[in-house]
Amino acid sequence: MSRLKGFLCGVLTSATFGLIPLFTLPLMAAGIKVPSVLCYRFLFSALILGLILASVRERFSVSRKQFFTLFWLSLLYTGSALFLFWGYHYLPSGVATTIIFLYPVFVAMLMMLFFGEKPSAFTFAAIVLSFIGVALLSGAGSAQGVQLKGVLIEVLSALAYALYIVGVNQSCVKNMGAWKLTFYVFLFDALTFFFFALFTGGLQPVPNTAAGLNLLLLALIPTVVSNWSLVYAIKSIGSTFSAVLGAFEPVTAMWVGVLVFAEPFTSSLFWGMALILCAVGFVVLSPVLKKTYRRGKLVYLTRVRRIHSGLFPYH
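What you see is a predicted model, and the numbers here were worked out from it, not measured in a lab. (Residues numbered from 1 in each chain as written. Predicted model: local features only at pLDDT ≥ 70, side-chain atom pairs only at ≥ 80, totals over all residues. Heavy atoms only, no water.)

Draft legend 1. Up close: the packing of aromatic side chains. Enumeration according to the criterion identifies 21 aromatic pairs in this entry. Seen from their ring centres, Y77 and F186 are 5.7 Å apart, and the 65 degrees between their planes marks the pair as edge-to-face. Of this pair, Y77 sits in helix α4 (residues 64–87) while F186 is found in helix α9 (residues 178–198), placing the two residues 109 residues apart along the sequence. Measuring from centroid to centroid gives 4.8 Å for Y103 and Y161, while their planes differ by 90 degrees, and the two rings are edge-to-face. Of the two residues, Y103 sits in helix α6 (residues 103–115) while Y161 sits in helix α8 (residues 148–169), which places them 58 residues apart along the sequence. Given a relative accessible area of 18%, Y103 falls into the buried group. Grouped by ring-pair contacts, the aromatic residues F42, Y77, Y103, Y161, Y164, F186, F193 and F196 constitute a single cluster. (Phe/Tyr/Trp six-rings, centres within 6.5 Å; stacked < 30°, edge-to-face > 60°. Helix = DSSP H or I, 4+ residues; strand = E, 2+ residues; numbered from the N terminus. Buried < 20%, exposed > 50% of the residue type's maximum accessible area, 1.4 Å probe, protein only.)

Draft legend 2. Inspection of empty space enclosed by the protein at higher detail. Under the definition given, this model contains one cavity of 30 Å³ or more. In this structure, the largest cavity occupies an estimated 50 Å³ of space. Lining the largest cavity we find P92, G94, V95, M254, V258, E263, P264, F265 and M273. For the lining of the largest cavity, the secondary-structure elements that each account for two or more residues are α5 (93–100) and α11 (248–260). Residues of the lining of the largest cavity, tallied by class, amount to seven nonpolar, one polar and one charged. (1 Å grid on protein atoms, 1.4 Å probe; cavity = no way out; pocket = protein on both sides within 12 Å on 5 of 7 lines; lining within 4 Å. Points joined across faces, edges and corners; volume = space filled by probe spheres on them. Nonpolar A, V, L, I, M, F, W, Y, C, P; charged D, E, K, R; others polar.)

Draft legend 3. Highlighting α9. With 21 residues, α9 should cover 30 Å at 1.5 Å per step; its first-to-last C-alpha distance of 30 Å lies within 8% of that length. For α9, the complete set of buried residues consists of K180, L181, T182, F183, Y184, V185, F186, F188, D189, A190, F193 and A197. (Expected span 1.5 Å × (residues − 1).)

Draft legend 4. Structural context of the confidence of the model for the protein. In the predicted model, the protein carries a mean pLDDT of 81, and the fraction of residues at 70 or more is 84%. By mean pLDDT, the top-scoring element of the protein is helix α3 (residues 34–55) (94), and the lowest-scoring one is helix α12 (residues 267–304) (70). Considering only residues more than four positions removed or in separate chains, one finds that residues 308–315, a stretch of pLDDT under 50, has eight contacts. (pLDDT = per-residue confidence, 0-100. Contact = heavy atoms within 4.5 Å.)

Draft legend 5. Structural context of the packing of α5 against α8. As a packed pair, α5 and α8 sit with axes 8 Å apart at the nearest point and diverge in direction by 40 degrees. Looking at the two axes, α5 sits oblique to α8. Here the hand of the crossing between α5 and α8 comes out right-handed. In this structure, α5 uses A96, I99 and I100 to contact α8, whose residues at the interface are V151, E154, V155, S157 and A158. Tallied by class, the residues present in the contact of α5 with α8 amount to six nonpolar, one polar and one charged. (Axes fitted to C-alpha atoms, helices over the stretch in contact; angles between N-to-C directions. Parallel < 35°, antiparallel > 145°, perpendicular 65-115°, else oblique. Left-handed = near helix turned anticlockwise from the far one by under 90°.)

Draft legend 6. Geometry of a nonpolar patch on the surface. Together, F67, F68, F71, W72 and L75 make up a nonpolar patch on the protein surface, roughly 490 Å² of accessible area in all. Counting through the fold element by element, F67 comes out in helix α4. (Patch = residues over 30% accessible without salt bridge, like charges linked within 9 Å, V, L, I, M, F, W, Y side chains within 5 Å. Areas by Shrake-Rupley, 256 points an atom, 1.4 Å probe, with all protein chains shown as cover. Salt bridge = Lys/Arg side-chain N within 4 Å of Asp/Glu carboxyl O.)

Draft legend 7. View of unusual backbone geometry. You will see that R57, though not glycine, has its phi angle at about 60 degrees, which is positive. Structurally, R57 can be placed in the loop between α3 and α4.

Draft legend 8. Layout of α6. Here α6 contains 13 residues, and its C-alpha end-to-end distance of 17 Å stays within 8% of the 18 Å for a straight helix at 1.5 Å per residue. Listed in full, the buried residues belonging to α6 are Y103, P104, V105, F106, V107, A108, L110, M111 and M112.

Draft legend 9. Quick look at the environment of I127. Its place among the elements puts I127 in helix α7 (residues 121–138). Taking the relative accessible area as the measure of exposure, I127 reaches 13% and is therefore buried. Sequence separation of I127 and A108 is 19 residues, and the distance between their C-alpha atoms is 9.1 Å. With residues near it in sequence (within four places) discarded, I127 still touches V105, M109 and M112.

The following block contains the structure:
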């Protein structure tokens, strides 16, 4: 039952995160600028998380080193969120979310380049597939609502999020509780976008009840709920299965864009998105794939070719 709940939470994480365009695009259509939208999103999310932490009597204190680390991490998260929303001006929401989903590929590349992680054939295959997928999306043409500028912006968003993930795992806040870490990141993000809004025309007021409801739902469903369900899924079924279930994120965003906002969907967009999802699958499942490959190779050599198993130390 616990694993079943874990799988359901993994699906919930992906589905809720993929709903970002559902609440964001109406706000942008109402004339609310991106800095104001993101300021309200992260402010409301930080308030909700603060109430959760207070209810479980979690200590809010952090060391000076952790404080500055959280601040720099929040800037990476700020960049990822800003580029994601900015890209909505140039891309269908489903395409934009799919490109964001490149972040596991970028994480693998960063770990190889800067932390000495050994690459595998599956990682290289993922990198090749991801570039081909992005090329297909870039060549889809403005007639399908895709612009090269938007693709590049979303690639930057994915890269910023990958840097955020690597930064968390390689910094002094690695062992900090997920809720506490996320609370401070969201709080710093809210402050960053508040000052950003002030220098770009001022923080816009919420124009009506519908906009206020969309802002609240944006902060609650694809932000707080998705983070909570992700933590539960990782604890119940592990990070690999949770990441695999993350493939529902761009699928959800794609169907929201097609069904709700009548965004175009062509064969080139389909194949570009499919290749990106395959690339992510290779990265996420590479440990399992390598183990399966080695086991299959061992069975072939020992049972079919009759070579003694003692010659193969990796089994």
